[in-house]
Amino acid sequence: MNNILTVKCGGSIINDLSDTFFESLNELKSRGYSLVFVHGGGPDINEMLSKEGIEPVFINGLRKTSAEVLGIAELILSGKTNRSLVEKLESHGIPAIGLNGSDCGIFQAELIDEAALGAVGEVKSVNTGVLNSLLEKGITPVLTPISSTGPGKKANVNADMAAGAAAKAMNSKMCLFVTDVKGVLIEKKIQKSLTKTETESYIRNGTIYGGMIPKVKTALAVLDQGVNDVMIVSGTERFFKDGEFIGTKFVKEEGY
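Predicted model, so just to flag it, every value in this text is computed and none were measured.

Colleague: Got a minute to help me understand the sheet that holds strand β8 (residues 140-143) in this structure?
Modeller: Backbone-to-backbone hydrogen bonds join strands into a sheet, with any given pair of strands oriented parallel or antiparallel. One open sheet holds the eight strands; their spatial order is β5-β8-β2-β1-β11-β15-β18-β14, and the pairing between them is mixed. Every other strand in the sheet has two partners, leaving β5 (96-99) and β14 (193-195) as the edge strands with one partner each. Adjacent strand axes in the sheet meet at a mean angle of 25 degrees, parallel and antiparallel pairs treated alike. Bridge analysis of strand β2 (residues 34-39) against β8 gives two bridges, and the strand direction is parallel. Directly across from F37, in β8, lies its bridge partner V142.

Colleague: Before we go on, may I ask you to explain the UniProt feature "site: Transition state stabilizer" (unreviewed entry) in the chain in this structure?
Modeller: The sites that UniProt annotates as "site: Transition state stabilizer" (unreviewed entry) are K8 and K215. Spanning 208 residues, the annotated positions come together in the fold, the maximum distance between their C-alpha atoms being 12.0 Å. Cross-referencing the annotated residues with the lining of the largest pocket gives K8 and K215. Position of K8 among the secondary structure elements: in strand β1 (residues 4-9).

Colleague: Got a minute to help me understand the pairing of strand β10 (residues 153-157) in this structure?
Modeller: Two faces make up the sheet, and in a regular strand the side chains alternate between them. Bridge analysis of strand β7 (residues 120-126) against β10 gives two bridges, and the strand direction is parallel. Bridged to G121 within β10 is V157. Note: strand β9 (residues 147-150) against β10, three bridges, orientation antiparallel. Along β10, the bridge assignment pairs G150 with K153. Between the end of β9 and the start of β10, which pair antiparallel, lie two residues, with G152 showing a positive phi angle near 75 degrees.

Colleague: Before we go on, may I ask you to explain the layout of surface pockets in this structure?
Modeller: Remark: the empty space left among the atoms is shown by a probe the size of a water molecule rolled over them. Counted as a void, the largest pocket has a volume near 870 Å³. Taken together, 35 residues make up the lining of the largest pocket; nearest its centre are K8, G10, N158, A159 and D160. Considered class by class, the residues forming the lining of the largest pocket number 14 nonpolar, 15 polar and six charged. Estimates place the volume of the second largest pocket at around 250 Å³. What lines the second largest pocket is a set of 13 residues, and nearest its centre among them are K192, M231, E244, F245 and I246. The class makeup of the residues in the lining of the second largest pocket is six nonpolar, three polar and four charged.

What counts and how
Residues numbered from 1 in each chain as written. Predicted model: local features only at pLDDT ≥ 70, side-chain atom pairs only at ≥ 80, totals over all residues. Heavy atoms only, no water. Pairing = 2+ DSSP bridges. Helix = DSSP H or I, 4+ residues; strand = E, 2+ residues; numbered from the N terminus. Axes fitted to C-alpha atoms, helices over the stretch in contact; angles between N-to-C directions. UniProt positions renumbered as here; feature names shortened; annotations may be inferred. 1 Å grid on protein atoms, 1.4 Å probe; cavity = no way out; pocket = protein on both sides within 12 Å on 5 of 7 lines; lining within 4 Å. Points joined across faces, edges and corners; volume = space filled by probe spheres on them. Nonpolar A, V, L, I, M, F, W, Y, C, P; charged D, E, K, R; others polar.

What follows is the structure, encoded as structure tokens:
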């Protein structure tokens, strides 16, 4: 059984990660799981852009990235957010190393539409050798989504999609999306699993609404990338206890 879990932390949840969240991680590690983290940093990036007098622009959910915006995004992601998450892991007894996704070409990307989006890419390949070497030494890689597009060239990549690419390339058992909720609530009960068809039906009839819609759509998009299982879990409480995951797992349709 593959024992690698890819964990995606949004920039907005990192400061709110609880001690019980890290207890879950340590229980997973005690059961033989290895962890690969990918994180975003949207709120901190927007705050720095505001200080620089730059208005954030998003096109279809992707941050339009000029050379100046890319520099700020990399500065915040690698210099602030990454450091914070690594320190939290280390302080809870999880040896970790922070890396830019562009380091050693871990994330190798191609630009999506330079004219419209600037330096925004999508990951085309992952240097799994570097990641496996770290995991073999018991070290948890913590990656920014900044990716390489060639020697000395970089691109900003959506962190959710970078996590999905890492999960697929590493043949992860699961890709976990750490949020501020336990999972998807239907009729006051957390759903243990949902298919794409079920999820889309709940969105159409209004059962899934508001801020939960982008969360589940992201999970479905990563499932479509070829990842076997995707799960929404909480970063503010235990999400793994006594061998059981707590959250909502998105699974492929039968015969998919």
